[in-house]
Amino acid sequence: MLPSDEIDTPRGSARIDTDLPTRRATALLVLGHGAGGSVDAPDLLAVRDASVAAGLAVVRVTQPYRVAGRRAPAPAGHLDEAWTAVLAVLRARHADVPTVLVGGRSSGARVACRTARAVGAAGVVALAFPLHPPGRPERSRAAELATGLPTLVVNGDRDPFGTPEPGPAVQVVTRPGETHDLRRDPAGTAAVVRAWLGAQGWAPH
């Protein structure tokens, strides 16, 4: 793991934590955190570990509002703007890596989906995608998943935010007994992601 670093964005400094494989990376996976959470959430760490072991470089991004010590999330437009700025820097830093993938958990998954096309991502990993606010299924966010890019959604079957339906490019894996935090079996969640990366040809090892 490399030391934490900060990247300036139009919304303040974002922090990045970078983990590199022992060999040349087959892809770069950039992950964001949940609204009030951190990049050290168990599912994000497990996905990082499995992905690095499979030959990917993984960067976890802490949004500027969290770096500044705030728990309440910034508006969606601000999140997307900061994320896009970070991705531009990361693409330049890892110019030798052929494929960029984006993802995250909950709010971070939404940001990744909304910006995936703009940042030139090849695919999306969405953990605990919050389909709707709890108890408000009429306020669906399913449209955010319709990027047209290969997308993996991993949600718990007890998630009060709901679970999306699969789509033409969207694979949905529902984890039994898991709630929104996906804390019960992080290694199992990571194994799902690892298998999907392999099936897409991004983690051939």
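Described in the following lines is the structure provided in the data block. (Residues numbered from 1 in each chain as written. Predicted model: local features only at pLDDT ≥ 70, side-chain atom pairs only at ≥ 80, totals over all residues. Heavy atoms only, no water.)

1. Some thoughts on helix H5 (residues 186-199)
Right, so step 1: A rise of 1.5 Å per residue sets the reference length of H5, with its 14 residues, at 20 Å; its end C-alpha atoms lie 20 Å apart and thus fit the reference within 8%.
Right, so step 2: Turning to H5, its buried residues are Pro186, Gly188, Thr189, Ala190, Val192, Val193, Trp196 and Leu197.
Right, so step 3: The inward-facing, buried residues of H5 contact helix H1 (42-53), strand E5 (100-105), strand E6 (123-127), strand E7 (151-156) and strand E8 (170-175). (Helix = DSSP H or I, 4+ residues; strand = E, 2+ residues; numbered from the N terminus. Expected span 1.5 Å × (residues − 1). Buried < 20%, exposed > 50% of the residue type's maximum accessible area, 1.4 Å probe, protein only. Contact = heavy atoms within 4.5 Å.)

2. Remarks on the packing of aromatic side chains
Right, so step 1: Counted according to the given criterion, the structure contains one aromatic pair.
Right, so step 2: Arranged with centres 5.5 Å apart and planes meeting at 65°, the rings of Trp196 and Trp202 form a pair that is edge-to-face.
Right, so step 3: In this structure Trp202 comes out as buried when scored by relative accessible area, which is 11%. (Phe/Tyr/Trp six-rings, centres within 6.5 Å; stacked < 30°, edge-to-face > 60°.)

3. Some words on the packing of H1 against H5
For any two helices packed against each other, one specifies the crossing angle of their axes together with the interaxial distance.
Right, so step 1: Two numbers describe how H1 lies on H5: the axes approach to 8 Å, and their chain directions differ by 45°. If you check the angle between H1 and H5, you find them oblique. With respect to the hand of their crossing, H1 and H5 are arranged in right-handed fashion. On H5, the residues that touch Pro42, Asp43, Ala46, Val47, Ala50 and Ser51 of H1 are Pro186, Ala187, Ala190, Val193, Arg194 and Leu197.
Right, so step 2: Of the residues belonging to the contact of H1 with H5, the class tally is nine nonpolar, one polar and two charged. (Axes fitted to C-alpha atoms, helices over the stretch in contact; angles between N-to-C directions. Parallel < 35°, antiparallel > 145°, perpendicular 65-115°, else oblique. Left-handed = near helix turned anticlockwise from the far one by under 90°. Nonpolar A, V, L, I, M, F, W, Y, C, P; charged D, E, K, R; others polar.)

4. Quick notes on the pattern of salt bridges
Right, so step 1: All told, the structure shown has 13 salt bridges when counted by the stated rule.
Right, so step 2: A salt bridge links Arg93 to Asp5; the nearest nitrogen and oxygen atoms lie 2.9 Å apart. Within this pair, whereas Arg93 is found in helix H3 (residues 76-93), its partner Asp5 is found in strand E1 (residues 5-9), the two being separated by 88 residues in sequence.
Right, so step 3: Among the salt bridges present, the one from Asp43 reaches Arg105, with a minimum N-O distance of 2.4 Å. Of this pair, Asp43 sits in helix H1 while Arg105 is found in strand E5, placing the two residues 62 residues apart along the sequence.
Right, so step 4: Connected through salt bridges with shared partners, the residues Asp19, Asp40, Arg48, Asp49 and Arg60 form a single ionic network. (Salt bridge = Lys/Arg side-chain N within 4 Å of Asp/Glu carboxyl O.)

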